[in-house]
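Here are the chains, one letter per residue:
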Amino acid sequence: MLLPAKTEVARHLELYRAWERMMLAAPADRAARGNFEDTGYTLCVLMGKRCAREAVHAAERYLSVGPGARRRDRAKGGQANGRRPAKSGRPGRSDGLAASPVA
């Protein structure tokens, strides 16, 4: 069975979490919700799962990063790779989507 590159899975999982936080902070923001759903769909495709929640759990298992490890990383001073979400809706995208929340 072909497995996705761990770097791609990690990148999309990070995007999913960032858009999730933004969507939960501003539930009426259609761009944030749309991008959150798009990253969830991408994780579904990468992990071969039918729903985003299953895909997230599969990605975490694949990367051997459980929820406890993420909490420990944040407690140490931020996200695992030190990047922070950017503001959504930055200009410059021609496809109508907001810019990635991960800079």
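Residues numbered from 1 in each chain as written. Predicted model: local features only at pLDDT ≥ 70, side-chain atom pairs only at ≥ 80, totals over all residues. Heavy atoms only, no water.

1. Description of the packing of helix α2 (residues 30–47) against helix α3 (residues 52–63)
Thinking step 1. Put simply, α2 and α3 touch, their axes get as near as 8 Å, and they point 55 degrees apart. When the axis of α2 is compared with that of α3, the two are oblique. You can see that α2 and α3 cross each other, and the crossing is left-handed. Contacts from G40, L43, C44 and M47 of α2 reach α3 at A52, A55, V56, A58, A59 and Y62.
Thinking step 2. A class-by-class count of the residues in the contact of α2 with α3 yields nine nonpolar, one polar and no charged. (Axes fitted to C-alpha atoms, helices over the stretch in contact; angles between N-to-C directions. Helix = DSSP H or I, 4+ residues; strand = E, 2+ residues; numbered from the N terminus. Parallel < 35°, antiparallel > 145°, perpendicular 65-115°, else oblique. Left-handed = near helix turned anticlockwise from the far one by under 90°. Contact = heavy atoms within 4.5 Å. Nonpolar A, V, L, I, M, F, W, Y, C, P; charged D, E, K, R; others polar.)

2. Comments concerning the packing of aromatic side chains
Thinking step 1. Taken as a whole and assessed by the stated rule, the structure comprises one aromatic pair.
Thinking step 2. Ring centres of Y16 and F36 lie 4.9 Å apart, and the angle between their planes is 35 degrees; on these two criteria the pair is classed as tilted. Taken together, the positions of Y16 in helix α1 (residues 6–25) and F36 in helix α2 put the pair 20 residues apart, joining distant regions of the chain. Both residues of the pair, Y16 and F36, belong to the buried class. (Phe/Tyr/Trp six-rings, centres within 6.5 Å; stacked < 30°, edge-to-face > 60°. Buried < 20%, exposed > 50% of the residue type's maximum accessible area, 1.4 Å probe, protein only.)

3. What to know about the confidence of the model for the protein chain
Thinking step 1. Of the residues in the protein chain, 61% reach a pLDDT of 70 or more, and the chain-wide mean stands at 79.
Thinking step 2. A low-confidence stretch, residues 88–92 stays under pLDDT 50, and its non-local contacts, those more than four residues away or across chains, total eight contacts. (pLDDT = per-residue confidence, 0-100.)

4. Considerations on the nonpolar core
Thinking step 1. In this structure, V9, L13, W19, L43, M47 and A59 are the most contacted members of the largest nonpolar core, which totals 18 residues.
Thinking step 2. Going through the elements one at a time, α1, α2 and α3 are the ones with two or more residues in this core.
Thinking step 3. Ranked by residues supplied to this core, first place goes to α1 with seven residues.
Thinking step 4. When sequence neighbours within four positions are dropped, the list of residues in contact with A59 reads V9, L13, L43 and M47. (Core = buried A, V, L, I, M, F, W, Y, C linked by side-chain atoms within 4.5 Å.)

5. So, the environment of K6
Thinking step 1. Residue placement: K6 occurs in helix α1.
Thinking step 2. Judged by relative accessible area, K6 falls into the partly exposed class, the value being 46%.
Thinking step 3. Once the C-alpha coordinates of K6 and A59 are considered, the two residues, 53 residues apart in sequence, prove to be 8.9 Å apart.
Thinking step 4. With near-sequence residues (within four places) excluded, K6 lies in contact with Y62 and L63.

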